[in-house]
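Remarks on the overall topology
In case you want the letters, here they are:
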Amino acid sequence: MATVELLTAQELEERRRQILTAIGGNEESLRERAQDYLLTADELAALTELDEIDWLLRGAA
Amino acid sequence: MTTEVEGGSLLHEAQRFANELTHTVQSVISAPCDPFHAIAVKGTQELFSVRQQPSTGIALTVEGTPLLSLVVSYRCSRDTAGQYLAVESSEFKVYAGSRASGEPLFRYDYVHDTFPGVPCAHIQVHAHRDALAYVMTRAGERTIRGKRRARSLASGDEVPRMSELHLPVGGTRFRPCLEDVLEVLVQELGVDHRDDWVQVLGDGRERWRRTQLRTVVRDDPREAADMLRTLGFEVTWSRDEDLPAARADRLRQL
C-alpha cells in the first residue's frame with residue numbers, strides 16, 4: 001500500500017533544510033548544474049524533492 | 001503516515017490515487033517496485049503530490065539486467081468546484097541506467113498552467129540518437145518489437161534508429177490533430193504564418209475536440225450520462241433496446 005504523509009508548512013520547511021544540508025547546502029549550484037543535466041542520481045532526487053516541497057508550500061500559506 | 005487523520009478526505013484521495021499508481025506499476029513491472037508516496041499539506045489549499053519510490057526512480061530491468069529507470073510525479077489539487085481531484089501537472093521521465101541521473105531519454109509532461117506557446121501536454125525527446133539506439137539494442141527478444149529488432153541486428157543491419165521508437169499520443173479518440181502539428185511548426189520552428197493563425201487553429205482544434213467528444217460519449221454512454229446527471233441534467237434511456245455496452249476495445253486501445 002502506498003504511504004501518505006500530512007505535513008505542515010513548518011514540517012515542509014524543516015524537510016527542505018534537511019535535504020539542502022544532505023547535498024552540501026548550495027541550492028544555486030544544484031539548480032545551475034540541473035540546467036545542464038549534470039546532476040547525479042542523489043542530487044537529481046534531492047532537487048525533485050525541493051521542487052515538490054516548494055509547490056506544496058504554496059498550499060500551506 | 002495514515003489516512004485517518006485530519007484532512008481525511010484529501011488524504012483519502014491521495015491514498016487512493018497513490019495506491020492506483022502503485023498497483024499499475026507493480027502489476028506491469030516484474031522487478032521489485034516500492035509503493036508510491038504521497039505528501040499532502042495542512043493549509044489553506046488542498047494540495048498533494050504523489051511520486052514513485054525510491055526517489056532515484058523505479059529501476060527497470062530487461063531480461064534481468066537493470067537498464068532503465070522511470071520517474072513519475074503528480075501534483076494534484078481539488079478542482080475549482082472542490083469536488084474532484086485535478087492534476088495540475090505530471091511528469092513521466094525515462095532515464096538510461098537503473099538510477100535516474102543527468103538527462104532523461106524522453107519524457108511525457110503535462111502542465112495545466114503552461115507557458116505561452118508550450119502545449120500543456122507534450123513529449124520531449126532529450127536523448128541523442130546513440131543513447132536511444134543503445135537501449136533499443138538491449139531490449140531483448142520477449143516482445144514482438146524486440147524480436148524484430150534482434151533479428152535485424154543479427155542479420156547485420158544498422159543499429160536501431162530513433163524513428164523505430166513509437167511514443168503513444170492518446171489513442172484513437174484523444175490523438176493530436178493537424179492543428180497541433182501546425183502550431184508546433186509555427187511556435188517552435190518559426191514557419192511563416194498568416195495574421196489570424198491563432199484564431200484559425202483554435203477554431204479547428206475546437207471543432208476536432210467537439211467531434212471527438214461526441215465520439216467518446218458513444219464509447220461509453222452510461223458513463224457520459226452519469227456525469228451529465230452529476231452536472232444537473234436529467235438523462236434517461238428512452239429506447240426499447242438495452243443501453244449499448246461500453247466499447248472497451250476503444251477505451252483500452254493504445
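Bear in mind the structure is a predicted one, so any value in this text is a computation, not a measurement.

1. Overview of the overall build of chain A
In terms of helices and strands, chain A carries 3 helices and 1 strand. Each helix (α) and strand (β) of chain A, taken in turn from the N terminus, gives the series β-α-α-α. Principal-axis analysis of the C-alpha atoms places the extent of chain A at approximately 35 × 30 × 20 Å. Going through the 61 residues of chain A one by one, you find that 23% of them count as buried.

2. Some points on helix H3 (residues 41–60) of chain A
Structural remark: α-helix, 3.6 residues per turn; residues separated by three or four positions point the same way. With 20 residues, H3 of chain A should reach 28 Å at 1.5 Å per residue; the first-to-last C-alpha distance of 29 Å fits that figure. Looking at the buried residues of H3 of chain A, the elements they touch are helix H1 (9–22) of chain A together with strand E1 (37–41) and strand E2 (47–51) of chain B.

3. Observations regarding the nonpolar core
Ranked by internal contacts, the top residues of the largest apolar core, which has 21 residues, are Val4 of chain A together with Ala14, Ala18, Ala38, Ala40, Phe48 and Val50 of chain B. Put simply, the parts of the chain that give this core at least two residues each are strand E1 (3–7) and H3 of chain A together with helix H1 (8–28), E1, E2 and strand E4 (65–78) of chain B. When residues of this core are assigned to their parent elements, the largest contribution, 5 residues, is made by H1 of chain B. Those residues in contact with Ala14 of chain B that lie beyond four places of it in its chain are Val4 of chain A together with Ala38, Ala40, Phe48 and Val50 of chain B. Counting 11 residues, the second largest nonpolar core, distinct from the first, contains Leu39, Ala45 and Ala46 of chain A together with Val71 of chain B.

4. Describing unusual backbone geometry
In this chain, Gln53 of chain B is followed by Pro54 of chain B through a cis amide linkage whose omega measures -5 degrees. Turning to its location among the elements, Pro54 of chain B is positioned in the loop between E2 and strand E3 (58–62). For Tyr37 of chain A, which is not glycine, the phi torsion reads 55 degrees and is therefore positive. Mapped onto the secondary structure, Tyr37 of chain A falls in the loop between helix H2 (27–35) and H3. Take Tyr37 of chain A: there are 12 C-beta atoms within 10 Å of it, and that puts it in the exposed class.

5. Describing the pairing of E3 of chain B
One ladder, built from 5 bridges, connects E3 of chain B with E4 of chain B; its direction is antiparallel. Of the residues in E4 of chain B, the one forming a bridge with Val62 of chain B is Thr65 of chain B.

6. Regarding the domain arrangement of chain B
Each assigned domain of chain B is listed with its residue range as follows: domain 1 (1–127) and domain 2 (170–254). One C-alpha centre belongs to domain 1 of chain B, the other to domain 2 of chain B, and the line joining them spans 25 Å.

7. Things to note about the interface of chain B and chain A
Contacts between the two partners involve 32 residues from chain B, matched on the other side by 27 residues from chain A. Those elements giving two or more residues to the side of chain B that touches chain A turn out to be H1, E1 and E2 of chain B. Per element, the largest residue contribution to the side of chain B that touches chain A is 6 residues, and it comes from H1 of chain B. By residue class, the composition of the side of chain B that touches chain A is 13 nonpolar, 14 polar and 5 charged. Sheet topology note: the E1 of chain A/E1 of chain B ladder contains 5 bridges and is parallel. Paired with Leu6 of chain A across the bridge in E1 of chain B is Ala40 of chain B.

8. Concerning the environment of Ala139 of chain B
Along the chain, Ala139 of chain B falls in the loop between helix H2 (129–137) and helix H3 (144–154). Taking the C-alpha atoms as reference points, Ala139 of chain B and Leu67 of chain B, 72 residues apart in sequence, are found 9.0 Å from one another.

9. A closer look at the packing of H1 of chain A against H3 of chain A
Residues and elements named next belong to chain A. Running from amino to carboxyl end, H1 crosses H3 at an angle of 160 degrees, the nearest separation of the two axes being 10 Å. In terms of orientation, H1 and H3 fall into the roughly antiparallel class. The interaxial crossing formed by H1 with H3 has left-handed handedness. Within the contact between the two elements, H1 uses Ala9, Leu12, Arg15, Arg16, Ile19 and Ala22 and H3 uses Ala46, Glu49, Leu50, Ile53, Leu56, Leu57 and Ala60. Class assignment of the residues belonging to the contact of H1 with H3 gives a composition of 10 nonpolar, no polar and 3 charged.

10. Overview of the confidence of the model for chain B
Residues and elements named next belong to chain B. Scored by pLDDT, chain B has a mean of 91; 95% of the residues are at 70 or more. The low-confidence segment residues 1–7, where pLDDT is below 50, has 13 contacts with residues more than four positions distant or belonging to other chains. Across the interface, the model reports ipTM at 0.94; the global pTM reads 0.91.

11. Concerning the pairing of E4 of chain B
All names here are of chain B. Where E2 lies against E4, 5 bridges are found, and the strand directions are antiparallel. Across the sheet, Leu47 pairs through a bridge with Ser77, a residue of E4. Counting the residues that bridge the hairpin from E3 to E4 gives 2 residues, and of these Glu63 lies at a positive phi of roughly 50 degrees. In this structure, E4 lies alongside strand E5 (residues 85–96), joined through 11 bridges in antiparallel fashion. Its bridge partner lying in E5, Ser77 is registered against Ala86.

The rules we used
- Residues numbered from 1 in each chain as written.
- Chains lettered and ligands numbered in written order.
- Predicted model: local features only at pLDDT ≥ 70, side-chain atom pairs only at ≥ 80, totals over all residues.
- Helix = DSSP H or I, 4+ residues; strand = E, 2+ residues; numbered from the N terminus.
- Buried ≥ 20, exposed ≤ 12 C-beta atoms within 10 Å, placed from the backbone.
- Expected span 1.5 Å × (residues − 1).
- Contact = placed C-beta atoms within 7 Å.
- Core = buried A, V, L, I, M, F, W, Y, C linked by C-beta atoms within 7 Å.
- Pairing = 2+ DSSP bridges.
- Domains from an automatic or database assignment.
- Nonpolar A, V, L, I, M, F, W, Y, C, P; charged D, E, K, R; others polar.
- Axes fitted to C-alpha atoms, helices over the stretch in contact; angles between N-to-C directions.
- Parallel < 35°, antiparallel > 145°, perpendicular 65-115°, else oblique.
- Left-handed = near helix turned anticlockwise from the far one by under 90°.
- pLDDT = per-residue confidence, 0-100.

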